[in-house]
Amino acid sequence: MTDLPRMRGDDGRDAGDPLDPAADVLSHGPADGSVDEPQTVVFATPPGPSKRRSGLVAGIGALALALVAAGGVYAYTLLSGGGTQPEKYVPADAIGFVKVDLDPAAGQKVAALRFFRHFPGGSDVLKGDDIRETVFRLLQENDNNLAQLDFDKDIAPWLGDRLGIAFLPPSVGGEQPEVLGVLQVKDEDKAKSGLAKVFDGDGPAVVFTDGYALLAADEASVTAARDEAAKGNLGDKSAFQDDLEPLGDGVAAFWLDLAAMKNAFGSSLGAAAGRLPAARADLLDETFKGRMAGVVTFNASHADLTVRGIGTSAFGVPDAGSKPIGPWLSTVPADTLVALGISGLDQVVADAFTSFLGIVQSEPAVGREVESGLDRLERQTGLRLPDDVETLLGQRTLITVVSDALSSDVPQGVAMRAETDTAAAQKVLAKLQALLERSDAPIRLTWRAEGSDLVVGFSEGDLSAVQSGPGIADAAVKEALPNLDSAQEALWIDLDRIAELVADRSPDAIDPDTMGVLSHIAGIGLTATITEDGSTTTIRVVAD
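Everything numeric in this text was worked out from a predicted model, so none of it was measured.

Cut-offs and rules
Residues numbered from 1 in each chain as written. Predicted model: local features only at pLDDT ≥ 70, side-chain atom pairs only at ≥ 80, totals over all residues. Heavy atoms only, no water. Helix = DSSP H or I, 4+ residues; strand = E, 2+ residues; numbered from the N terminus. Contact = heavy atoms within 4.5 Å. pLDDT = per-residue confidence, 0-100. Phe/Tyr/Trp six-rings, centres within 6.5 Å; stacked < 30°, edge-to-face > 60°. Buried < 20%, exposed > 50% of the residue type's maximum accessible area, 1.4 Å probe, protein only. Salt bridge = Lys/Arg side-chain N within 4 Å of Asp/Glu carboxyl O. Pairing = 2+ DSSP bridges. Polar contact = N/O pair within 3.5 Å; in protein donor to acceptor, adjacent residues only side chain to side chain. Expected span 1.5 Å × (residues − 1). Axes fitted to C-alpha atoms, helices over the stretch in contact; angles between N-to-C directions. Parallel < 35°, antiparallel > 145°, perpendicular 65-115°, else oblique.

(A) Structural context of the environment of leucine 393. Relative to the helices and strands, leucine 393 resides in helix α16 (residues 387-393). For leucine 393 and glutamine 347, which are 46 residues apart along the polypeptide, the C-alpha to C-alpha distance reads 9.6 Å. The contacts of leucine 393, once residues within four sequence positions are left out, are Leu345, Val349, Met416 and Ala418.

(B) Quick peek at the confidence of the model for the chain. Looking at the chain as a whole, its pLDDT mean stands at 78, while 74% of the residues score no less than 70. Per-element confidence in the chain ranges from a low mean pLDDT of 35 for helix α1 (residues 21-24) to a high of 96 for strand β6 (residues 212-216). Confidence over residues 1-40 falls short of pLDDT 50; this stretch has 82 contacts with residues more than four positions distant or in other chains. Low pLDDT, under 50, characterises residues 270-276; the stretch is placed with 11 contacts to residues that sit more than four places away or in other chains.

(C) Layout of the packing of aromatic side chains. This model, assessed by the stated rule, comprises eight aromatic pairs. Ring geometry for phenylalanine 97 and phenylalanine 240: centres 6.1 Å apart, planes at 65°, overall edge-to-face. Placement of phenylalanine 97 in strand β2 (residues 96-101) and of phenylalanine 240 in helix α9 (residues 238-244) is noted, with a sequence separation of 143 residues between them. Note on accessibility: phenylalanine 97 and phenylalanine 240 belong to one class, buried. Between phenylalanine 116 and phenylalanine 298, the ring centres sit 5.5 Å apart and the planes meet at 50°, which makes this aromatic pair tilted. You can see phenylalanine 116 sitting in helix α3 (residues 106-116) and its partner phenylalanine 298 sitting in strand β8 (residues 291-298), a full 182 residues away along the chain.

(D) Examining the pattern of salt bridges more closely. Counted by the stated rule, this structure contains 15 salt bridges. One salt bridge in this structure joins glutamate 87 and lysine 99, with 3.1 Å as the shortest N-O distance. Linking glutamate 87 in the loop between α2 (49-75) and β2 with lysine 99 in strand β2, this pair joins segments that are 12 residues apart in sequence. Accessibility assignment for this pair places glutamate 87 and lysine 99 in one class, buried. Among the charged side chains, a network of salt bridges with common partners joins Lys323, Arg396 and Glu419.

(E) Here's a closer look at the pairing of β8. As defined by bridge partners, strand β7 (residues 252-257) adjoins β8 across six bridges and the pair is classed as antiparallel. Considered in β8, the bridge of alanine 253 is made with valine 295. Of the strand pairs in this sheet, β8 and strand β9 (residues 302-310) are connected by eight bridges, and their pairing is antiparallel. When the bridges of β9 are listed, arginine 291 appears paired with isoleucine 310.

(F) Expanded view of the side chain of glutamate 87. Using a relative accessible area of 10% as the deciding quantity, one classes glutamate 87 as buried. A polar contact is formed between the side chain of glutamate 87 and the side chain of lysine 99, at a distance of 3.1 Å. Here glutamate 87 is in contact with Phe97, Lys99, Asn233, Leu234, Gly235 and Phe240, once residues within four sequence places are set aside.

(G) Expanded view of helix α8 (residues 219-231). Taking 1.5 Å of rise per residue, the 13 residues of α8 would be expected to cover 18 Å, and the 19 Å separating its terminal C-alpha atoms lies within 8% of that figure. Measuring from the side-chain oxygen of the N-cap residue of α8 to the backbone nitrogen of alanine 220 gives 3.3 Å; that N-cap residue is aspartate 218.

(H) Structural context of the environment of serine 439. Mapped onto the elements, serine 439 comes out in helix α17 (residues 422-439). Taking relative accessible area as the criterion, serine 439 reaches 46% and is therefore assigned partly exposed. At 2.8 Å, the side chain of serine 439 forms a polar contact with the backbone oxygen of leucine 436.

(I) Spotlight on the side chain of lysine 99. Judged by relative accessible area, lysine 99 falls into the buried class, the value being 12%. For lysine 99, the side chain forms a polar contact with the side chain of glutamine 85, separated by 3.0 Å. The residues contacting lysine 99, other than those within four sequence positions of it, are Gln85, Pro86, Glu87, Leu163, Gly164, Val251, Ala252 and Ala253.

(J) Layout of the pairing of strand β14 (residues 453-457). Counting buried positions along β14 gives five out of five residues, so the element sits mostly inside the fold. Along β14, one buried face is formed by Asp453, Val455 and Gly457 and the opposite face, lined by Leu454 and Val456, is buried too. Where strand β12 (residues 414-419) and β14 come together, five bridges link them in antiparallel fashion. What sits directly across from alanine 418, in β14, is leucine 454.

(K) Up close: the packing of helix α14 (residues 345-361) against helix α15 (residues 364-381). Where α14 meets α15, the closest approach of the two axes is 7 Å, and the angle between their N-to-C directions is 135°. Viewed along their axes, α14 and α15 adopt a mutual orientation that is oblique. Where α14 abuts α15, its residues Phe353, Phe356, Leu357, Val360 and Gln361 lie against Pro364, Val366, Gly367, Val370, Glu371 and Leu374.

(L) How the structure looks around the environment of glutamine 108. Mapped onto the fold, glutamine 108 is located in helix α3. According to the relative accessible area criterion, glutamine 108 is buried, its value standing at 10%. Each C-alpha atom of the pair glutamine 108 and asparagine 299 lies 7.5 Å from the other, and the pair is 191 residues apart in sequence. Once residues lying within four places of it in the same chain are set aside, the contact partners of glutamine 108 are Asp249, Gly250, Val251, Val296, Thr297 and Phe298. Here phenylalanine 298 takes part through its backbone nitrogen, which lies 2.9 Å from a polar atom of the side chain of glutamine 108.

(M) Expanded view of unusual backbone geometry. Look at the link from leucine 385 to proline 386: it is a cis peptide, with omega at 5°. One non-glycine residue, asparagine 483, lies in the positive phi region at around 55°. If you trace the backbone, asparagine 483 turns up in the loop between α19 (476-480) and β15 (489-493). Note on asparagine 483: relative accessible area 57%, which makes it exposed.

This is how it looks when you write it as structure tokens:
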């Protein structure tokens, strides 16, 4: 990750200095709890399968948020990390897995603590009881059953640090994937009564093993999952390890086998039964290919979601051979609020349009109507779709929005730069300008072309700035956009500046609490690099 200059925390200490455990980490650890032989508990008479499955997912989701709440008083108490991960209790044939780990490696805990210090009350929330009260109160506002519970009495005594949700292939004769919850617990007896309260008498079957509770729709499913995981678990699967290992340790992660998911959901999507037209089935096969893995990690001044595509052929992304977009972002205006750069956008548009036509033409009546509409549009406007759009966007495209765009009622402060056939593109712009004039819209386009470089905006000032500006002065930009020199996609959003401009223009548009958070987010960045084997995308939130 990016090396950062040393910063001062709220307490005046250098952020690079070791944390004082007495000041930064709660001292109490997990409650002792014995682990007996695995046993299965069914909290209620099993209802219908679909109700049980949806209730299980919703209940586990609530527990995941409660787990975040518990982190304020427990997860950051031990800096050792380690221990058994929930994927050890997931069968190796799982098609998808998501987990939250609030006892990761020590470095991640310290980084998360320092990151949240940037925000109002962040230090107090992480050190005290506020996070329990705040998060659980939010949960209770949206769940009538949880509203009856007390976090300190009903949840905290048994809830552990780690939770996973796995999706397994359908059981024999089933049509939908099975859902398995894997929840770390500190005390089995208290967990039994606590889970019964969380699910309010409509809970899943549960088996306890090695300090974890496994939750599934019924006793047969949870027992089968436990037994299968004992024979071979997801954590030991080489594809799972290889896909996640380059992303490092984090507080949350996910893994998806896209091809297996297509097969598992095939009947419900209609593909397996042949109910999808060929064009749609082809698009489905192309989209659900390979695997995806992602991790949420922290740095003292930023938080990342990094996603890898392994053997994927994702719809709507540039080809691996597309030119990097990074060099163009170095010439944008200094007061840029938003910058979006994409290489190969013309091909993305062409592929999308081809897929769209293939889908609509598979239904003859719909296809004829769409084709008739396109013909009518071409006659009325003179535009040829998608050819003219491809020409205008070109092989590399950069769109910028500067502060003027939010300070005027007249369109300004927006510009586009494209690497394209400029002679053909100017003919397209002339068509657009003629349409604007006929519509009496208060918009006039201005453009400039030199070689293969086309710049379009609403004023001469827009053109000059986007093509030869000094670059964004905000130091957060470099931090927000890692690996920019090789990225084929990049996005920068100056969030705190946008919030400031919006508030100046409309004082009541953003409430004070939200403004307090936004003002401490220097920006959000996205970079994506596409290779022959897949892609790597990083979404980064930089604190101010």
